[in-house]
Amino acid sequence: MEQSQSNESEIISMLRESDRKFKIVWWKHYLANNEVNYRINNNPLYATSIFPGLHYTDIDKDGKIGLMKAVDFLQSAEIFLENHPERYSQGDKHAFLDLDMALEGRTIFVAASEYTFSRAWYNNSIPKWSFVAKESFCGLGNTSLLLIVDLFLPNSSEPIISRINKLISVDRITRKPVAFPDWYKKKMHGREVVKLGEFKVEGFSKPARTFVRRVQIVWSDTDSNNHATFSSYIRFGQDTLLLAVHKAQKLNTPHRQNLSTAVTPASLEPGHRTPSQKQAGGVMVDSHHQNPSPLSITSDILNNGVKHLKICFIKECLEGDFIDVHLWQEKGEELQVRCSIENLEGVPICQFTLEYYSALSKL
């Protein structure tokens, strides 16, 4: 800890100018957490650390760990592992992942993610303080980087939650993919913990009938690149799903009768909604339509917890933009919900699937 404090100005000087203010705050936070057992393994390349457990505010009113809390919790673990001061060995600029140097003049976007939640994550009888966090290097392409973040319970070899991330190096101005430096490709070659190959989350076509909610991007949804964060899209989808289920329960009729709606972009434009639609928060609900609903999932299934979340990011979305959040279920996918988040022209910005545990999977 004394060495970390003595190297404060040197470490700060290593940070990219655009990240300096943000990472100085984190760096000072890390100095107050000196019992984390931070370790780096160089080949294969991974970092591990003790990571604090859940806070009482992470538990929702139903006694469950909310999906967004879990997503944010994994993100915090990743930031902790990538930015801990001890990743700089005796002032060496080359540290864990070397992203500060590799991304000079660039930034990085999330292209695709896959989350896996074990059943133990939802078991309230299992203590969740604290965890062992691990971030693993799993592949480098010309413009892409693959990383896995796992959280383990103490003395467990199976992750309780995990996430695969595919990141893309892009130019800060053009927002176009740009290759990683040759020195970085050479240095990272052969250091994969697990070789994932061509990791991809495929998009999908939207049907004619969906449950939809209009959302405007606000400041708190954006990041340092001034576009909506990847986690905000997940939140938009989950909030829309919970609203759909709530409306079905409130109307006290089956989903197959009360959540059917055919949507066109024009019918949802601001100023073209009826007062009843405005009161519904932009969600169009046709309670008189007798055709099968795009959603049949129940609150009981939602309470079982998310098993898998697979998401792909297609375009950027900026503060002030309006987006439409579409939800539906395909035939034979009783435990899975599909989401397509689109701009007002109907162009997909982000798409993901939520797969829930069945009741038979409960412990």
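This report concerns the structure included in the present document. Computed from a prediction, not measured in an experiment: that's the story for all the values here.

Across the chain, the bulk of peptide bonds are trans and the bulk of non-glycine residues have phi less than zero. Here the bond from Asn43 into Pro44 is cis, since omega is 0 degrees, no more than 30 degrees from zero. Inspection of the secondary structure puts Pro44 in the loop between β1 (39–41) and β2 (46–51). Trp129 connects to Ser130 through a cis peptide bond whose omega is -5 degrees. The phi angle at Leu97 is positive, at roughly 70 degrees, despite the residue not being glycine. Relative to the helices and strands, Leu97 is located in the loop between α4 (67–83) and α5 (99–102). A relative accessible area of 2% means that Leu97 is categorised as buried. Here the phi dihedral of Asn155 falls at roughly 65 degrees; this positive angle occurs in a residue that is not glycine. Among the structural elements, Asn155 can be located in the loop between β5 (144–152) and β6 (161–171).

Right, let's get into the packing of aromatic side chains. In total, this model carries 13 aromatic pairs according to the counting rule given. An angle of 75 degrees between the planes, with centres 5.6 Å apart, marks the rings of Phe51 and Phe80 as edge-to-face. On the criterion of sequence distance, the pair formed by Phe51 in strand β2 and Phe80 in helix α4 is long-range, its members being 29 residues apart. Judged by relative accessible area, Phe51 falls into the buried class, the value being 8%. Summarising the aromatic geometry, the rings of Tyr122 and Tyr357 are spaced 6.3 Å apart at their centres and angled 75 degrees between planes, so their arrangement reads as edge-to-face. Remark: Tyr357 occurs in the segment after β11 (348–356) and Tyr122 occurs in the loop between β3 (106–117) and β4 (131–140); sequence separation between them is 235 residues. Taking relative accessible area as the criterion, Tyr122 reaches 16% and is therefore assigned buried.

This next bit is on the state of the cysteines. By the definition in use, this model includes zero disulfides. Of all cysteine sulfurs in the structure, the one in Cys350 sits closest to Cys339, which takes part in no disulfide; the separation is 6.7 Å.

Relative to the assigned elements, Gln238 resides in helix α7 (residues 230–251). Note on Gln238: relative accessible area 16%, which makes it buried. For Gln238, the residues in contact, after removing those within four places along its chain, are Leu67 and Met68.

Another point: the sheet that holds β1. Read across the sheet, eleven strands follow the order β1-β2-β4-β5-β6-β3-β8-β11-β10-β9-β7 without closing on themselves; strand pairing throughout is antiparallel. At either margin of the open sheet sits one strand with a lone partner, and together these are β1 and β7 (211–216). When the angles between neighbouring strand axes are averaged without regard to direction, this sheet yields 20 degrees. Where β3 and strand β8 (residues 306–313) come together, five bridges link them in antiparallel fashion. For Glu114, the partnering residue across the bridge sits in β8 and is Lys310. Where α7 meets the sheet, it contacts β3, β6, β7, β8, β9 (322–328), β10 (336–342) and β11, and its direction lies at approximately 135 degrees from that of β7.

Here α4 is 17 residues long and its end C-alpha atoms lie 25 Å apart, about the 24 Å a rise of 1.5 Å per residue gives. Among the 17 residues in α4, 14 count as buried, and that is most of the element.

Turning to the nonpolar core, a few remarks are in order. In terms of nonpolar packing, the biggest core is built from 72 residues, with Leu97, Phe117, Trp121, Leu151, Tyr233, Leu241 and Ile341 touching the most fellow members. Ranked by residue count, the leading element in this core is α4, at nine residues. Not counting the four nearest positions on each side in its chain, Leu151 is found in contact with Phe73, Leu74, Ala77, Phe131, Val132, Ala133, Pro159, Ile160 and Ile161. Leu146, Ile148, Ile164 and Phe199 belong to the second-largest nonpolar core, a separate cluster that totals eight residues.

With that out of the way, let us pick up the environment of Phe352. Looking at the element boundaries, Phe352 is found in strand β11. As a C-alpha pair, Phe352 and Gly237 span 115 residues in sequence and 8.7 Å in three-dimensional space. Residues within four places of Phe352 in sequence aside, it is in contact with Phe204, Tyr233, Ile234, Gly237, Leu309, Lys310, Ile311, Val337, Arg338, Cys339 and Ile341.

Rules of the game
Residues numbered from 1 in each chain as written. Predicted model: local features only at pLDDT ≥ 70, side-chain atom pairs only at ≥ 80, totals over all residues. Heavy atoms only, no water. Helix = DSSP H or I, 4+ residues; strand = E, 2+ residues; numbered from the N terminus. Buried < 20%, exposed > 50% of the residue type's maximum accessible area, 1.4 Å probe, protein only. Phe/Tyr/Trp six-rings, centres within 6.5 Å; stacked < 30°, edge-to-face > 60°. Disulfide = S-S within 2.5 Å. Contact = heavy atoms within 4.5 Å. Pairing = 2+ DSSP bridges. Axes fitted to C-alpha atoms, helices over the stretch in contact; angles between N-to-C directions. Expected span 1.5 Å × (residues − 1). Core = buried A, V, L, I, M, F, W, Y, C linked by side-chain atoms within 4.5 Å.

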